[in-house]
Amino acid sequence: MTLPIVHHPAYCADLPANHRFPMDKFRAVADLIRSEGLLGDGDFVRPRPAPFEWIALAHDAAYVDQVFNGRVPERIAREIGFPMRDDIALRARCATGGTVLTGYLALEHGLACNTAGGSHHARRRHGAGFCVFNDVAVAIRVMQADGAIRKALVIDLDVHQGDGTAEIFQGDPDVFTFSMHSEKNYPVRKVPSDLDVGLDDDTGDIQYLATLAEVLPDLLTSDRWDLVFFNAGVDPFADDRLGRLSLSRQGLRDRDRYVIETVREKGLSLAGVLGGGYSDDIDELADRHVTLHRQASAVFETGFENASP
């Protein structure tokens, strides 16, 4: 069996050619995964769009209704950064449904990845920063409501602090949010996670990986986690349009391999989501994002999928 990878064609909606968000990366990521044979003889696992009831577990019902019915106020649409059309709403629902499905597949197989997700700036009351719905938060709430999990750990290594995820889970003893990010980057006003590690500009591979290694093992043993969500944003890369941490491509590979192996060695299930990445070169960006799926596939094939707590 190969690593379960979740994808939906609706992950890629239409945006103006000069839009700042590289929407075409989702199509390019799927194409690259297929061309590299990471699906083996199988195919992507296709999610269904997340229904209203799922999303309202993590977001204010009035906001969810606005997105579903095309009535998002202009000021909120500006904060999100997308024209809030039907196809953008469908994209957000499919990406959210994809992360929910990825979570269940991770529980079943030990490891699974989405080709989207990681929309960590969306807060309870509204979206922001190219994030309509907080897919990881919705997935955790759905799986908790279903009785599939109780305690979840969020490892967020996107270059931007996971303010929306932190806000949604503030005061929740069953969900621990960890964000390691660029301290001087967006958002300016950060919402405290359970653990924030803000890094200086131009941190580089050595210090970045050493800092992660100081934190992660203790986090994994600090409670009896039922599931770990890993936001594998590639915007810490040195040449990313929005990144400031100066990681190399090898640094990204080492980071993802370390996180996935360390989680699986502890017998914990891991659900990987794409996170942020920004470049005008879509092929380069897709290749960078597929680092997650390559490293997860390699770990899956070693037999860690059979690890037990």
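Here the structure is shown first, and the text comes after it.
Summarised in this report is the structure supplied together with it. Predicted model only: the values in this text are computed from it and were never measured. (Residues numbered from 1 in each chain as written. Predicted model: local features only at pLDDT ≥ 70, side-chain atom pairs only at ≥ 80, totals over all residues. Heavy atoms only, no water.)

1. Section: the packing of aromatic side chains
- Counting across every chain of the model gives 10 aromatic pairs.
- Ring geometry for F68 against F133: centres 6.4 Å apart, planes inclined by 50°, an arrangement best described as tilted. Remark: F133 occurs in the loop between β2 (111–114) and α6 (135–145) and F68 occurs in helix α3 (residues 61–68); sequence separation between them is 65 residues.
- Classification of F68 by relative accessible area gives partly exposed; the value is 25%.
- Looking at K25, its charged tip hangs above the ring of Y278, at a distance of 5.5 Å from the centre. (Phe/Tyr/Trp six-rings, centres within 6.5 Å; stacked < 30°, edge-to-face > 60°. Helix = DSSP H or I, 4+ residues; strand = E, 2+ residues; numbered from the N terminus. Buried < 20%, exposed > 50% of the residue type's maximum accessible area, 1.4 Å probe, protein only. Lys NZ or Arg CZ within 6 Å of the ring centre and 35° of its normal.)

2. Quick look at the sheet that holds strand β1 (residues 5–6)
- Pairing in this open sheet of seven strands is parallel, and the strands run β1-β2-β7-β6-β3-β4-β5 from one edge to the other. At either margin of the open sheet sits one strand with a lone partner, and together these are β1 and β5 (195–199).
- Relative to strand β7 (residues 270–273), strand β6 (residues 227–231) is paired through four bridges, and the arrangement is parallel. Bridging from a neighbouring strand, F229 pairs with A271 of β7.
- Relative to the sheet, α6 contacts β3 (152–156), β4 (175–182), β6 and β7, its axis offset from that of β6 by approximately 170°. (Pairing = 2+ DSSP bridges. Contact = heavy atoms within 4.5 Å. Axes fitted to C-alpha atoms, helices over the stretch in contact; angles between N-to-C directions.)

3. Comments concerning the nonpolar core
- Formed by 53 residues in total, the largest nonpolar core has its most connected members in M23, F82, M84, V132 and I140.
- Elements that contribute at least two residues to this core include exactly α3, α4 (74–80), α5 (86–109), α6, β3, β6 and β7.
- Looking at which element gives the most residues to this core, the answer is α5, with eight residues.
- Apart from residues no more than four positions distant in its own chain, F82 is found in contact with L15, H19, F21, M23, A77, I88, F130 and V132.
- One finds L220, V234, L245 and V299 within the second-largest nonpolar core, a separate group that totals 47 residues. (Core = buried A, V, L, I, M, F, W, Y, C linked by side-chain atoms within 4.5 Å.)

4. A short note on the pairing of β2
- Where burial is concerned, the two faces of β2 agree: the one with L111 and C113 and the one with A112 and N114 are both buried.
- The sheet contact formed by β1 and β2 spans two bridges and is parallel. Its bridge partner being in β2, I5 is matched across the sheet by C113.
- Judged from the three bridges that link them, β2 and β7 form a sheet pairing that is parallel. For C113, the partnering residue across the bridge sits in β7 and is G272.

5. Describing the packing of helix α8 (residues 204–220) against helix α9 (residues 249–265)
- Relative to each other, α8 and α9 sit at 10°, their axes nearing to 11 Å. Relative to α9, the element α8 is oriented roughly parallel. Residues D205, Y208, L209, L212, A213, L216, P217 and L220 of α8 lie in contact with α9, whose contacting residues are G251, D254, R255, Y258, V259, T262 and V263.
- Considering only residue class, the contact of α8 with α9 consists of 10 nonpolar, two polar and three charged. (Parallel < 35°, antiparallel > 145°, perpendicular 65-115°, else oblique. Nonpolar A, V, L, I, M, F, W, Y, C, P; charged D, E, K, R; others polar.)

6. Topic: empty space enclosed by the protein
- This structure, assessed with the given rule, holds three cavities of 30 Å³ or more.
- Around the largest cavity sit F82, R91, A92, A95, T96, S119, F130, C131, V132, F133 and D135, which together line it.
- Ranked by the residues each element gives to the lining of the largest cavity, the list is headed by α5, at four residues.
- As a volume, the second largest cavity reaches approximately 50 Å³.
- Broken down by secondary-structure element, the contributors of at least two residues to the lining of the second largest cavity are β3 and β6.
- Classifying every residue of the lining of the second largest cavity gives four nonpolar, six polar and one charged. (1 Å grid on protein atoms, 1.4 Å probe; cavity = no way out; pocket = protein on both sides within 12 Å on 5 of 7 lines; lining within 4 Å. Points joined across faces, edges and corners; volume = space filled by probe spheres on them.)

Just distances and angles here, no functional claims.
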